[in-house]
Amino acid sequence: MLFRKGKIWKTVILFAFPLLMNAQDDLLSEIDTTATDVTVESAFKSLKIVNLESTKLAAKGDFYFIVAHRFGFIDKGFDDFFGLDNANTQLKFLYGVNDWLTVHIGRSGFQETYDLAAKYRLYAQKENGFPVTIVGFNSVAINSELKEEDYPNLKFENRLSYVAQVLISRKFSDKLSLEIAPSVFHENTLRDILDENNAVILPNPQDNTQFAVGLGGRYKLTSRWSVNVDYAAHLNRASQSNYKNPLSIGVDLETGGHVFQMHFTNAQAMHETGYLGQTVGDWSKGEIAFGFNLVRVF
């Protein structure tokens, strides 16, 4: 009887073995499939590289308070204490509506500007899968510096400017992340362009709709420190324009609940149409400003 029971178990194992092997193959297949669905995290630690928006979004329910500060250019030396006597500040409140959508509202001293924006993830970089993260960014800015007493025919739409960007990043390693950002922006009211004698050029040769390509990167030095660089090339700037392409170089320091960014830049504006279209500093002439972004999440 014992022999017969042993024979029965041997027969069961003999028939079950191929099924077990198939089940193992199916499990390994599922593991391989799951591995390709793993999202690559932390290409950038902060919501901005320096001026350029990064592909990082706020987590669902996270509330951020951001203080961004730009001093004056350092080229005048002690006359204005290397720009420290002059300052431009932006205050921003940002909220993660869900894991793929972030919204913000901000107020800048530059042209007394209010801006509202939405940033939304379209695709995420996957391990052994989709090679990049793609994020859309749209903003509208309101220039409240324009006064009706100076411009009697001023309408509300004259205050508006718009930006649309596609942010495409790739995390190449634990240390290196790069981003490219094709951008289009439209200014309903253009600033005057001056000739070499500081006379206004009429009609204004600059198109209201303008195009730029932003480039940025982050290189991680330690678990807390990284070097960040971003630049934007304006593609259809009028030849008579005295505006420059913005270039910023700095470092990030991550300390628990916030990221502290310190940098040098030739752009004093911090909202998109401001730094993309109205940067006046020239690095070759020492027209560089020290600045910082302080990011606190609650």
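Residues numbered from 1 in each chain as written. Predicted model: local features only at pLDDT ≥ 70, side-chain atom pairs only at ≥ 80, totals over all residues. Heavy atoms only, no water.

**Looking at the overall build of the protein**
Scanning the protein from N- to C-terminus turns up two helices and twelve strands. Listed by position from the N terminus, the elements making up the protein come as α-β-β-β-β-β-β-β-β-β-β-β-α-β. The buried share of the protein, taken over its 298 residues, is 40%. A fraction of 58% describes how many contacts in the protein between residues 6 or more apart in sequence connect residues 24 or more apart. (Helix = DSSP H or I, 4+ residues; strand = E, 2+ residues; numbered from the N terminus. Buried < 20%, exposed > 50% of the residue type's maximum accessible area, 1.4 Å probe, protein only. Contact = heavy atoms within 4.5 Å.)

**A few points about the pattern of salt bridges**
Note that side chains of opposite charge can pair when their charged atoms are close. Going through the model one piece at a time under the given rule, you end up with four salt bridges. We note a salt bridge from lysine 45 to glutamate 254, for which the minimum N-O separation is 3.9 Å. A residue pair is termed long-range when its members are at least 10 positions apart, and lysine 45 in the loop between α1 (2-36) and β1 (63-73) and glutamate 254 in strand β10 (residues 247-255) qualify at 209 residues. Residue glutamate 254 is classed as partly exposed on the basis of its relative accessible area, which comes to 24%. Residues lysine 119 and glutamate 53 are paired through a salt bridge, measuring 2.9 Å at the closest nitrogen-oxygen approach. (Salt bridge = Lys/Arg side-chain N within 4 Å of Asp/Glu carboxyl O.)

**Topic: the sheet that holds strand β5 (residues 133-143)**
What the twelve strands build is a closed barrel, ordered β1-β2-β3-β4-β5-β6-β7-β8-β9-β10-β11-β12; its pairing is antiparallel. Here the average twist between neighbouring strands, direction ignored, is 20 degrees. The pairing of β10 with strand β11 (residues 258-265) spans eight bridges and is classified as antiparallel. Note on β11: the bridge partner recorded for leucine 253 is phenylalanine 260. (Pairing = 2+ DSSP bridges. Axes fitted to C-alpha atoms, helices over the stretch in contact; angles between N-to-C directions.)

**Observations concerning the environment of lysine 92**
Structurally, lysine 92 is set in strand β2 (residues 87-98). For the pair lysine 92 and tyrosine 114, spaced 22 residues apart in sequence, the C-alpha to C-alpha distance is 9.6 Å.

**As for the pairing of strand β4 (residues 113-123)**
Relative to β4, strand β3 (residues 101-108) is paired through eight bridges, and the arrangement is antiparallel. Looking at the pairing, valine 103 lines up with alanine 118 of β4. What sits between β3 and β4 in their antiparallel hairpin is a turn of four residues, with glutamine 111 showing a positive phi close to 55 degrees. Direction of pairing for β4 relative to β5: antiparallel, over a ladder of ten bridges. For leucine 116, the partnering residue across the bridge sits in β5 and is valine 140.

**What to know about the packing of aromatic side chains**
Counted under the stated rule, the structure contains seven aromatic pairs. Where phenylalanine 71 meets phenylalanine 290, the ring centres are 6.1 Å apart and the plane angle is 10 degrees; that geometry is what we call stacked. Taken together, the positions of phenylalanine 71 in strand β1 and phenylalanine 290 in strand β12 (residues 289-297) put the pair 219 residues apart, joining distant regions of the chain. Under the relative-accessibility criterion, phenylalanine 71 is labelled buried at 15%. Among the aromatic residues, those joined into a ring-pair cluster are Phe63, Phe65, Phe93 and Phe298. One residue, arginine 170, lies across the ring of phenylalanine 172, its end atom 5.3 Å from the ring centre. The positively charged end of arginine 296 is found above the aromatic ring belonging to phenylalanine 298, 5.8 Å away from the centroid. (Phe/Tyr/Trp six-rings, centres within 6.5 Å; stacked < 30°, edge-to-face > 60°. Lys NZ or Arg CZ within 6 Å of the ring centre and 35° of its normal.)

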